[in-house]
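Secondary and tertiary structure notes
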Amino acid sequence: MTDPLSFAARNLAALTNRGELRQVRSLEGRSGTYVERGGRRLLNLGSNDYLGLSTHPEVVAAATEATKRWGFGSGSARLIAGSSSLHDQLENQLARFKGTEDAVLLSSGYLANLAAVTTLLSPDHLVLSDALNHASLIDAIRLSNAHRHVYRHCDPGEVQALLSAHLAAERVVIATDGVFSMEGDVAPLAELSKLADETAAILFIDDAHGTGVVGPGGRGSAAAADVQVHMTMGTLSKSLGSIGGFIAGPKPFCDLLRNTARAFIFDTALPPAACAAAISALHILEREPDRSTRVRSLTKRFVSVLAQGGIELADPAAAIVPIPIGANDDAVTIARELEHRGFLVPAIRPPSVPRGTSRLRISLMATMTDEQIDEAARAILDTVTR
Ligand SMILES: *Cc1c(COP(=O)(O)O)cnc(C)c1O
């Protein structure tokens, strides 16, 4: 008898041969500025907890209190018996934070993209999608079955040409990350928003890495570009130190999503404690908006130390710094050496980035010191330019 699952071992061997095999390597304690892995203390340059809020005492206390009061699991979908006053409160606060009428919570940012895009788009519609959009946005677009054109990364000229070529389309969505997760750059939102307005298209922004980091008070990419957008997607799992995702937008759209999006209807509500943690994180961000300016200025500092040492990179817009390496094995070797020196620096390989563009992807946290940033940059210079 042949084993019908024998393809798994064969496919893994192929990944290994290409230098693309990945392994889950767990941490041995909380994920803060420092983490412990393999018995070593490492400066954490791989977290998207940009503001350091996941370990903030107030956030931890809010989640603990909510767990004591509500229990942990929500037990059911929002529309059945899984919703709590904390879910409602968080939706209201997210809408206020993003300046929209309403907001809807989903269990993750990934599901928020699925829910929003399948509510926006049917097979008759058209979507223009940036070539470097996040996988969850790509999957959402695929699931919608809408006509799809992928435009060159951050190229409003191509968007304009595509819009002109499809003036008869019944509904057009321009879908883009606000801050690109593996490049760290920002979408040309002013231009895209103008094009959307001129053609009555809908601009949809995945702001997973912008929320909490860019714009006044960390209000995100649209606020940073000073544009009004119809809606925006965000995650609670990065800057807001919790877990979950959301769509902020007009009330009728949010209500339609609650009624028709399968990722909302058929998915268990977030634990109330996750909502309490995000509510607390939003309070802290409103009280201490310096956290988002701090993480951006640390990122600029980091890039300028790298430049002094000969690694010239684009001016960072958010808190992500990719350092191009190229070959998979080189990226892995460099990351391993940095780990020996006390720095957790992820080597990003396909499928997270296109083949041949493997890189170190550094993300910074507002809770780091200037000295930690300088040390990290110097260690990277030593390792990469050797
Ligand atoms: C992380 C991320 C998501 C998914 O959010 P989760 O809450 O982790 O599911 C979506 N879009 C982008 C750009 C991301 O980086």
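Parameters at a glance
- Residues numbered from 1 in each chain as written.
- Predicted model: local features only at pLDDT ≥ 70, side-chain atom pairs only at ≥ 80, totals over all residues.
- Heavy atoms only, no water.
- Pairing = 2+ DSSP bridges.
- Helix = DSSP H or I, 4+ residues; strand = E, 2+ residues; numbered from the N terminus.
- Core = buried A, V, L, I, M, F, W, Y, C linked by side-chain atoms within 4.5 Å.
- Buried < 20%, exposed > 50% of the residue type's maximum accessible area, 1.4 Å probe, protein only.
- Contact = heavy atoms within 4.5 Å.
- Axes fitted to C-alpha atoms, helices over the stretch in contact; angles between N-to-C directions.
- Near = heavy atom within 4 Å.
- Polar contact = N/O pair within 3.5 Å; in protein donor to acceptor, adjacent residues only side chain to side chain.
- Areas by Shrake-Rupley, 256 points an atom, 1.4 Å probe, with all protein chains shown as cover.
- Nonpolar A, V, L, I, M, F, W, Y, C, P; charged D, E, K, R; others polar.

The next point concerns the sheet that holds strand S10 (residues 320–326). Read across the sheet, 3 strands follow the order S10-S13-S12 without closing on themselves; strand pairing throughout is antiparallel. Each edge of the open sheet is held by one strand with a lone partner, namely S10 and strand S12 (347–348). Pairing of S10 with strand S13 (residues 358–363) involves 6 bridges; the strand directions are antiparallel. Within S13, the residue paired with Gly326 across the bridge is Ser358.

What follows concerns the nonpolar core. Counting residues in hydrophobic clusters, the biggest one holds 63 residues, and the most contacted among them are Leu45, Leu90, Leu94, Leu236, Phe302 and Ile362. By residue number, the principal contributor to this core is helix H12 (residues 272–287), which donates 10 residues. Excluding its chain neighbours within four sequence positions, the residues that come into contact with Ile362 are Leu45, Phe302, Ala319, Ile320, Val321, Ile323, Val345 and Ile380. Residues Ile141, Ala146, Ala175 and Ala261 belong to the second largest nonpolar core, which totals 27 residues.

A few words now on the environment of Asp290. In this fold, Asp290 is placed in helix H13 (residues 290–308). Counting along the chain gives 52 residues from Asp290 to Gly342, while the straight-line C-alpha distance between them is 28 Å.

With mixed pairing, the 7 strands of this open sheet are ordered in space as S3-S9-S8-S7-S6-S4-S5. The open sheet has two free edges, formed respectively by strand S3 (102–106) and strand S5 (147–151), since each of these has just one partner strand. Pairwise comparison of adjacent strand axes, ignoring direction, gives a mean angle of 20 degrees for this sheet. The sheet contact formed by strand S8 (residues 231–235) and strand S9 (residues 245–249) spans 4 bridges and is antiparallel. Looking at S9, one finds that Thr235 is bridged to Gly245. Taken strand by strand, helix H7 (residues 156–165) contacts strand S4 (126–130), S5 and strand S6 (172–177), and its axis lies near 150 degrees from that of S5.

Now for the site of the ligand. The environment of the ligand is made up of 15 residues, and the closest members are Gly109, Asp206, His209, Thr235 and Lys238. Between the ligand and Gly109 there is a distance of 2.8 Å, counted from an oxygen atom to a backbone nitrogen or oxygen. Residue Lys238 places a side-chain N or O atom 2.6 Å away from an oxygen atom belonging to the ligand. When the ligand is considered free in solution it has 380 Å² of accessible area, and contact with the protein chains removes 86% of it. Secondary-structure elements contributing two or more residues to the shell around the ligand are helix H5 (109–120) and S8. Classifying every residue of the shell around the ligand by side-chain character gives 3 nonpolar, 9 polar and 3 charged.

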